[in-house]
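This is what each chain is made of:
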2 protein chains.
Amino acid sequence: MREVSIVGIGMIPVRKQYEKSLREMGAQVIRIAMEDAGIDKVDSLIVGNMLSDELQGQKHIATLIADEAGLIGIEALQVRAATATGAAALRMAYLSVASGDADTAIALGVEQMSIGQPTPALAKALDAKYEVAVGANLISRNADLMRLYINKYGMPENGLANFAINAHANAMHNSNALFHKEMTRESVMNSKIIHPPIRLMDCSPICDGAAAVILAPTDEARAYTSQPVHILASSVATDRFRVEDRVDPLMLAGARLSAIRASRRANVNREDVSLFEVHDAFSIMACLLLESIGYARRGEGWRLAEEKRIFQGGDIPIATMGGLKARGHPIGATALYQTCEIVLQLTERAGKNQIADPKIGLLQSVGGAASTVLTHIFGV
Amino acid sequence: MREVSIVGIGMIPVRKQYEKSLREMGAQVIRIAMEDAGIDKVDSLIVGNMLSDELQGQKHIATLIADEAGLIGIEALQVRAATATGAAALRMAYLSVASGDADTAIALGVEQMSIGQPTPALAKALDAKYEVAVGANLISRNADLMRLYINKYGMPENGLANFAINAHANAMHNSNALFHKEMTRESVMNSKIIHPPIRLMDCSPICDGAAAVILAPTDEARAYTSQPVHILASSVATDRFRVEDRVDPLMLAGARLSAIRASRRANVNREDVSLFEVHDAFSIMACLLLESIGYARRGEGWRLAEEKRIFQGGDIPIATMGGLKARGHPIGATALYQTCEIVLQLTERAGKNQIADPKIGLLQSVGGAASTVLTHIFGV
């Protein structure tokens, strides 16, 4: 397998009600990333998008965006894994270069959710017959997990507040973030209950965004940039689709297995990780991921947050540029934003959010109720 | 790049109103293919499906089907390229094994279109803003191309009839085909005009189906089967998205470019090809593909059909098991049916449809109005 590195990145600010169309957002980010890599052509474009079928009436968007970007003739395909879709695009672009099939590939994530009705479309990440038909959606499923967690471990009602506080604090200095507003324990706990016990401040927002990375073989990477970032591992694992079919619903087996596979491939231990871009679509999900891959003991993920060990300067900083909670979670684009942010951290360009002496970045992306989880590990 | 071979195949009959659900169809075909390859586990499942978002309310089907098939923990991702989606799944599974990331991969195509309203969902293969909003759909776009062709080359009204006649003749002996009814020149020309000048017998049907192939490294293939089929090349090329933006709308530049790339990779010439599984979703598309990749001169693709050179025993047999027209075109599954059929031909298991002394099989898959085209070349 050929080693693969990131040689260019592109982002536009996450916003609500973007003035541009989906295809324009995608094409703009492609241009930014290609300029960053200093290239004017590319072999392959892999697009991550979850909701354009319903919200834009488009089922052929990879080629539509390639055309808009003026990249006629190249490969263009779309890949999906529900809410982990951006990571799936990164993975397919990675395999394309790793195999030797492409010498340069763009992984683009793009989503425009703040028009139309995103909630019913998002719920299709669940089982239409056995979950959606009985009223479940992604919020209710995460609420189920949070209730179970509270009942099992006796976590106090405000036990997860620091996840939002950390994310919002980090977003303050990220110009691409949707929110630039500090949160306090009071403002989190005073936020509206959306679906008990989940509060508004436990949820990532509906928003629009696009981000991309350019991949090339590692041994050619310095021809494109002086600061390449090496993709040390890419992996996927699935779990039982429905939470109720799992032996231990609070152990995310897909996250655990995917992390084990990636760690082996990268030859990286848990302690080697400098920052963890976690899938904090809901605070409880971030907490369960930290436990499932071993950063906290079972039932103690929330204490990691309470003790501020997830904050900048802590032993496992998460959501270092605002996370899904405060940078925003434009689904198909999210993992590409996270990848760009890890690149900024590892190349020491993260400004006021810069963590000290970064070596290894970890990314996990969760599809649905964690039935599909992708893990990527990056290094310099 | 590691060489990749097909070591198992699985199909269920194409039908209307399948009695099983989409997930059950997918799981059944996975079991058939795994049994054919003699394996009980697999690293990766790549699923091709175009319409489940609208028709089944599912946007996370790869993992849903993995769960239904009892394959917990494996990789499961979905890949798309509009109406060429099945070929995109084959390609991603190919890259997965070619890269060394997976040692075994399933490419599964599955579609259940004969429920609900498939036509508006299918039209999303076009541009929502500039095509669908002004009334275009896939039938009207193909009718435009056929009208242009007739006007430019003076083809007689019945010039394409042999495409349907050949497809239906070949489907007679394929138990997986939807139609088992011979067509004559009269029955084709008496069929209803759907969208002038396109008649019902120029169109592939709405139907349900699922097909899969198992891929493994070529140098391990004989551990799985005595009759592996080598994937000599996999390629994709795009064209301008909309027909009206193309300099020469009757030259399918994506098909041509994709075929050139695949031929170079496989080191195979046009004359080496024993059979061509063409994307005959509409007769005019089959005709234009034959011209665009050089089997006929411009304006003479229909003569290839009139002279029966596309029939069994002809110099370029197409749709040898019934094609999209008569075996059926369950979108996301189609290219996987075609791949299975090429495997049957190349391993001399095609029964009454067996072509003589087969060496090389060619597959082309068309997304939308040929804005995305995938080419695969197979050999023994």
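Just above sits the structure.
Notes on the structure in this doc start here. (Residues numbered from 1 in each chain as written. Chains lettered and ligands numbered in written order. Predicted model: local features only at pLDDT ≥ 70, side-chain atom pairs only at ≥ 80, totals over all residues. Heavy atoms only, no water.)

### Some remarks on the relation of the copies chain A and chain B
When chain A is fitted to chain B, the best match, at an RMSD of 0.0 Å, comes from turning it 180° and sliding it 0.0 Å along the axis. Such a combination of rotation and displacement between the chain copies is what one expects of a two-fold axis. (Least-squares fit on C-alpha atoms with pLDDT ≥ 70 in both.)

### Points about the interface of chain A and chain B
In this complex, chain A contributes 57 residues to the contact, which on the side of chain B involves 57 residues. Both faces considered, chain A and chain B share a buried interface measuring about 4,600 Å² in area, 52% of it formed by carbon and sulfur atoms. A per-residue breakdown of the area chain A buries against chain B is headed by Lys59(A), His60(A) and Arg80(A), which together make up 17% of the total. The interface formed by chain A and chain B holds 14 salt bridges in total. Between Asp101(B) and Arg91(A) there is a salt bridge, with its nearest N and O atoms 2.4 Å apart. Here chain A and chain B share 38 residue pairs in polar contact (both at pLDDT 80 or more) between them. When contributions to the side of chain A that touches chain B are tallied by element, the ones reaching two or more residues are α2 (52–55), α3 (61–68), β3 (75–80), α4 (85–98), β8 (229–238) and α9 (253–266) of chain A. Across the side of chain A that touches chain B, the residue classes tally to 25 nonpolar, 16 polar and 16 charged. (Contact = heavy atoms within 4.5 Å. Buried area = accessible area lost by both parts, 1.4 Å probe. Salt bridge = Lys/Arg side-chain N within 4 Å of Asp/Glu carboxyl O. Polar contact = N/O pair within 3.5 Å; in protein donor to acceptor, adjacent residues only side chain to side chain. Helix = DSSP H or I, 4+ residues; strand = E, 2+ residues; numbered from the N terminus. Nonpolar A, V, L, I, M, F, W, Y, C, P; charged D, E, K, R; others polar.)

### Some thoughts on the pattern of salt bridges
Residues and elements named next belong to chain A. Applying the stated criterion across every chain yields a total of 56 salt bridges over all chains. Between Asp 103 and Arg 2 there is a salt bridge, with the nearest N and O atoms lying 3.0 Å from each other. Residue Asp 103 is located in the loop between α4 and β4 (105–112), and its partner Arg 2 is located in the segment before β1 (4–11); the two are separated by 101 residues in the primary sequence. Given a relative accessible area of 37%, Asp 103 falls into the partly exposed group. (Buried < 20%, exposed > 50% of the residue type's maximum accessible area, 1.4 Å probe, protein only.)

### Points about unusual backbone geometry
Residues and elements named next belong to chain A. A cis amide bond, omega 0°, links Pro 196 with the succeeding residue Pro 197. Tracing the backbone shows Pro 197 in the loop between β5 (193–195) and β6 (198–199). Unusually for a residue other than glycine, Gln 17 sits at a positive phi of about 55°. In this fold, Gln 17 is placed in the loop between β1 and α1 (22–37). Gln 17 gets classed as exposed once you look at its relative accessible area, which sits at 53%. A positive phi angle, close to 50°, is found at Asp 357, a residue other than glycine.

### Let's talk about helix α10 (residues 283–292) of chain B
What sets the pattern is the α-helix's 3.6 residues per turn: residues three or four places apart point alike. Residue and element names in this part refer to chain B. Within α10, 10 of the 10 residues are buried, leaving the element largely enclosed by the surrounding structure. Those residues of α10 not exposed but buried are Ser 283, Ile 284, Met 285, Ala 286, Cys 287, Leu 288, Leu 289, Leu 290, Glu 291 and Ser 292. Buried positions along α10 lie against α6 (138–153), α7 (161–171), α9 (253–266), β9 (275–277), α11 (301–306) and β10 (360–367). Residue Gly 294 follows α10 closely and has a positive phi angle near 95°.

### Considerations on the packing of α4(A) against helix α13 (residues 331–346) of chain A
Residue and element names in this part refer to chain A. Between α4 and α13, the least distance of the axes is 5 Å, while the angle of their chain directions is 60°. By the criterion of interaxial angle, the relationship of α4 to α13 is oblique. Contact residues: α4 offers Thr 85, Gly 86, Ala 87 and Leu 90, while α13 offers Ile 331, Gly 332, Ala 335, Leu 336 and Thr 339. Within the contact of α4 with α13, the residues separate by chemical class into five nonpolar, four polar and no charged. (Axes fitted to C-alpha atoms, helices over the stretch in contact; angles between N-to-C directions. Parallel < 35°, antiparallel > 145°, perpendicular 65-115°, else oblique.)

### Looking at the environment of Lys129(A)
Its place among the elements puts Lys129(A) in the loop between α5 (118–123) and α6 (138–153). It is 41 Å that separates the C-alpha atoms of Lys129(A) and Arg31(A), two residues lying 98 residues apart in sequence. Residues contacting Lys129(A), with those up to four places away along its chain left out, are Arg23(B) and Gln58(B). Within the structure, Lys129(A) has its side chain in polar contact with the side chain of Tyr130(A) (distance 3.5 Å).

### Quick word on the pairing of strand β2 (residues 44–48) of chain A
Residues and elements named next belong to chain A. Counted residue by residue, β2 has five buried out of five residues, so it is predominantly covered. With burial as the criterion, each face of β2 is covered, one bearing Ser 44, Ile 46 and Gly 48 and the other bearing Leu 45 and Val 47. As judged from the five bridges shared by β2 and β3, these two strands associate in the parallel manner. Note that in β3 the partner of Val 47 across the bridge is Gln 78. Inspection of the sheet shows β2 paired to β4 by five bridges, in the parallel sense. Note that in β4 the partner of Gly 48 across the bridge is Gly 109. (Pairing = 2+ DSSP bridges.)

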